[in-house]
Amino acid sequence: MEEESTSHATVESNASDRIKLNVGGKLFETTLSTIRSDGPDSLLYDLSNRSSNDPNPVFIDRDPEIFSVLLSLLRTNHLPSTALRFSKQELADEANFYGIDSHLRAATSPPPFSGIDASIVGTVRPASEGFPSTFTAADNGSVWIAHGGQLSSYDWNLIHSATVRTHLDEIKSICRVWPEIAAVGTSSDAGLHFYNFSGSRHVGSVHWSDPTDPRIFKARVNAITASENSVFASFDCSHRENCILEVDKAKIQIVSQLGRQSGNQAKHMVPMKLTWIQTTGVLVGSAVTGGAFGYSGYIRLWDPRSGEVVWETHEPGASGRSSRFGDSFSAIEVDVEKLLLFKLCSKSGDLAMADMRRLGDDPWVYLKEKNPSLWTDGGDGSISSVVHCYKEQVFVGRGGELEVWSRVQEVIECESERERESDGEGVYRRNFVDKREDSGKGVIKKIEGGGDRLFISREDVEGIEVWESSHSAGAISVL
Amino acid sequence: MPPFAGSLLQSQPRSDSNIVTIDVGGQMFQTTKQTLTSAGPKTFFSRISQTDSPFTPFIDRDPEIFSLFLSLLRTGNLPSKAKSFDLHDLIIESRFYGIENLLVNSFSNPSQLEPFNLQKSLQLALNGRDSPSSIATTPYGSLHVSHGSKITTFDWSLRRKSTILTHFTAVDSLFALSPSLAAAGANDFSGLQILDLEKGYVKETLNWENVTKSGSTVQAIGSSPENMFVSFESSRRNSNSIVVYDLNSLRPVTEIGHNEIYGADIDSAIPATKLQWIESHNLLMASGSHSGPSGVSGNIRLWDVRSGEVVWEVSEKVDCFADVTVSDSLSAMFKVGVNSGEVSYMDLKNLGSEKSSWVCLGDKRKVLNGKKEGFGYKIETQGNQVFCSKGGDVELWSEIIMGSSNNRIFKKNLMGRGQDIGGAKITNLAFGGSRMFLTRKDLQCVEVWQSSSREL
């Protein structure tokens, strides 16, 4: 909650703590601590220093109404409802002017995202060619969308900020390399390309080549991920030979090559998904294909410094998986914060979890659904499914349906019990995030979380859905 | 002399003067010490009224909202210009001054419930696909709603909500201990959980140790000003009991109505599924029913909690209740029959005497109805009225006092306007603050009925 329930107001009686401001002809009086609450870099902080021995109010030639909203924000850390009179853009611009934009951001950003209590708040719809081919979300809640060869950037207010037209026609993979630079790849054209939003230009390309092997040319990018200094991209050639290239982020030069494989079997396919795990310095790659005989694929963990495989598994066929015979995974996801691997079983629809610190022969723990009414009826595995981890919750898109697996908070005193249950059994509960009518909108293609928002793209649907949690009750009048 | 410069007042009133001047965000306000102290002790206002500083106290807050609160202190009501403010802004500001309770009182006091003026006015939507299974309210109108494995809490102003995840697949019994604390139990899950709804964890689990050492499921929760009553049944369904807890410490105090079932004793095998405290008689009403091949049978018992004895009991064989409630102010017990779907009453004064029998208020012939017309109907009482849900509608029963007659007269009305009649079947009915809450089958929302004058 914003405020404690008890009264903690204090009476300021020392006149030297106070400051008078004349904003566009309207007088305001406040304390120095209030207008300095946003740190020494703000304009208001500068003004508060200048006036200490001048009895006249400081004059600021700006709109007084917006200022009174921002002053309320500084006083209470809460945006008053009068802010609704102004657009998000106006408030953001004005807060920028006073140098208190971080304060505004903290007050307007959504509360912690909770899958059990989320609703659609809007759709980000690019103005032209609105069918997103892929997108990526950032921690501040902004999103980059690739659509029809264009890259569009939307800021944390989800206001359009820039669009770049790339030389590619359909961007299949995108990764945020720097705050303004995106790395993109496509399945129809060769190479990994870097585009800068400011100046909207192409800043570099990387191609996979091998002087000793002339067959390695026109290799396409399938997946991209970024570490602190490098970008990892998986390339494959038309004859299916593939590898992962590590590219220096700053110089845009190839550093090393790892995981080169022939691609002639399902377990040697090009990785379709790459995830970099900062805390352990491990790269996770996975690939899944669905065929007439069901799904097959692999998960592999590399140490990029040595280029060696740390752990791998493939389904079907790997040892120690007798309990789930014929139920190979159809989607893979890594929880980077909690170091967990998740797989979605294609036949049963079950979700399984593996602790990445204790990977062994059969590390999977299958999460059970206790509610019989929510049991999936197995299905034939033909439903397209995606998995995404965000804020310790696992979001699963099955066809058009969106569900969440979330951890139930344990009894706090009971340490030993928490240890016992840490294997995941009974701790995760499954719930639907969406309403029944939402599921008919289209098959979910991609889910990604960022800035306490969940972004979802659907097949043949323009734009990207934005889901948020809210503390507002949202009562609807039915009088 | 620039405006507002210096804090020493020019026309300094004598220090024993009754008038207090306050500078709020650059605007001057004058009021009396009495007005300020009416906010109650230990609030910010009473502190200001006590200071004897020669300086004008300065408060770095919004002056417009302050002027509203000053009116609230002066008259006990918010001025009408407060309507242009968002209530949530006012609540946040009132917490700063420590006077939220004044706002609660002026908006959501249970004494302000106007049964004849309730209109369907709000819908509180719930996220996800689960329909509400049970609802619970606090006296001042906070609302807890369980849907699926989740519990969503709405604050007294119905402006803010929060949702937590529980261990239950569905919560069948929910009881509000406070705006942020609830007791929850289920028919298929052992133990009563005390849940912190703000942080979302289980504070405590209360269990009933039954003889068979199996789990104990919760069938009903009730409360008196001092105690919480929980009806448990063992998971093997061969014993049941009502455990009395201290409402503050949540320690068990005593256990009443412990039944062990041997053989085919059907009557003792029915656990209580509704518990209601009758304040005027200091008795606990416990009712439970059971559906068998020969129809629905049940029993209603009135317990003296101190002695642990049944004071009065009735076995229901013909037209057993679908739901029962006891009205203190009407001094009568009301039921809605599961076969007839009609409301009947029994005068509490006649309990134990020859005359103690149900008086059917509707079509008496339907009592022998073979159908289960009243199945799932709910009956609740609030003040001098009895509210009975029938399908998608709510009937409002009131007593008409006619000086001479010995027979009591109750008359009913259908609540709501023409457009509100009908709708999906009502599954829960509850009262909190000055509002009525109800949920309907397969609708993921809570309906709020309130009087137009108390509109927030």
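Residues numbered from 1 in each chain as written. Chains lettered and ligands numbered in written order. Predicted model: local features only at pLDDT ≥ 70, side-chain atom pairs only at ≥ 80, totals over all residues.

K.L.:
Any details on the overall build of chain B? Residues and values, ideally.
P.N.:
What chain B contains, in helices and strands, is five helices and 31 strands. Oriented by its inertia axes, the alpha-carbon framework of chain B measures out at about 95 × 55 × 45 Å. Excluding contacts between residues fewer than 6 apart, the proportion of contacts in chain B whose partners are at least 24 apart in sequence is 49%. (Helix = DSSP H or I, 4+ residues; strand = E, 2+ residues; numbered from the N terminus. Contact = placed C-beta atoms within 7 Å.)

K.L.:
If you had to explain the sheet that holds strand β31 (residues 445-451) of chain B to someone new, which residues and values would you point to?
P.N.:
Spatial ordering of the open sheet is given by β32(A)-β4(B)-β31(B)-β30(B)-β29(B), a layout of five strands whose pairing is antiparallel. Pairing within the sheet leaves two strands with one partner each, and these edge strands are β32 (476-477) of chain A together with β29 (426-432) of chain B. Bridge count for strand β4 (residues 118-125) of chain B against β31 of chain B is seven bridges, and the pairing is antiparallel. Within the sheet, the bridge partner assigned to A125 of chain B lies in β31 of chain B and is C445 of chain B. (Pairing = 2+ DSSP bridges.)

K.L.:
Tell me about the nonpolar core, and please be specific about residues and values.
P.N.:
With 178 residues, the main nonpolar core has A233 of chain A together with A182 and V230 of chain B as its most contacted residues. For this core, the element with the highest residue contribution is strand β19 (residues 294-303) of chain A, accounting for five residues. Those residues in contact with A182 of chain B that sit more than four places away from it in its chain are A136, H144, I151, L174, F175, A176, L177, L195 and L197 of chain B. Among the nonpolar cores identified, the runner-up in size contains 23 residues, and I22, I48, I65 and L103 of chain B belong to it. (Core = buried A, V, L, I, M, F, W, Y, C linked by C-beta atoms within 7 Å. Buried ≥ 20, exposed ≤ 12 C-beta atoms within 10 Å, placed from the backbone.)

K.L.:
Before we move on, can you summarise the pairing of strand β30 (residues 453-458) of chain A with the specific residues and values?
P.N.:
Residue and element names in this part refer to chain A. Burial runs high along β30: six of the six residues are buried. Both faces of β30 are covered, namely the face carrying R453, F455 and S457 and the face carrying L454, I456 and R458. Taken together, the six bridges between strand β29 (residues 444-450) and β30 define a ladder with antiparallel strand orientation. For I444, the partnering residue across the bridge sits in β30 and is R458. Linking β29 back to β30 in an antiparallel pair, the connection comprises two residues, with G451 at a positive phi of about 60 degrees. Direction of pairing for β30 relative to strand β31 (residues 464-468): antiparallel, over a ladder of three bridges.

K.L.:
Which residues make up the sheet that holds strand β18 (residues 283-292) of chain B, and what values go with them?
P.N.:
Sheet strands pair by backbone hydrogen bonding; their relative direction is either parallel or antiparallel. Residue and element names in this part refer to chain B. Across the sheet, four strands lie side by side as β17-β18-β19-β20; this open sheet has antiparallel pairing. Here the strands that pair on one side only, and so sit at the sheet edges, are β17 (274-278) and β20 (309-316). For this sheet the average axis-to-axis angle between neighbouring strands, irrespective of direction, equals 20 degrees. Strand direction decides the pairing type here: strand β19 (residues 295-304) and β20, joined by seven bridges, are antiparallel. Residue pairing in the sheet places R301 in a bridge with E313 of β20. (Axes fitted to C-alpha atoms, helices over the stretch in contact; angles between N-to-C directions.)

K.L.:
Provide a residue-level description of the domain arrangement of chain B, including the pertinent values.
P.N.:
Residue and element names in this part refer to chain B. Segmenting chain B into domains produces domain 1 (19-107) and domain 2 (114-454). Between the C-alpha centres of domain 1 and domain 2 the distance comes to 41 Å. Taken together, the contact pairs five residues of domain 1 with six residues of domain 2. Elements with a contribution of two residues or more to the side of domain 1 that touches domain 2: α4 (87-97) and α5 (100-107). Top element by residues in the side of domain 1 that touches domain 2 is α4. It accounts for three residues. Across the side of domain 1 that touches domain 2, the residue classes break down as four nonpolar, one polar and no charged. (Domains from an automatic or database assignment. Nonpolar A, V, L, I, M, F, W, Y, C, P; charged D, E, K, R; others polar.)

K.L.:
Can you break down α4 of chain B residue by residue, with the values?
P.N.:
With nine of eleven residues buried, α4 of chain B lies mostly within the body of the structure. By the burial criterion, the buried members of α4 of chain B are D89, L90, I91, I92, E93, S94, R95, F96 and Y97 of chain B. Considering only its buried residues, α4 of chain B is in contact with α3 (64-76) of chain A together with α2 (44-50), α3 (63-75) and α5 of chain B. A positive backbone phi angle near 75 degrees is found at G98 of chain B, which sits one or two residues after α4 of chain B.

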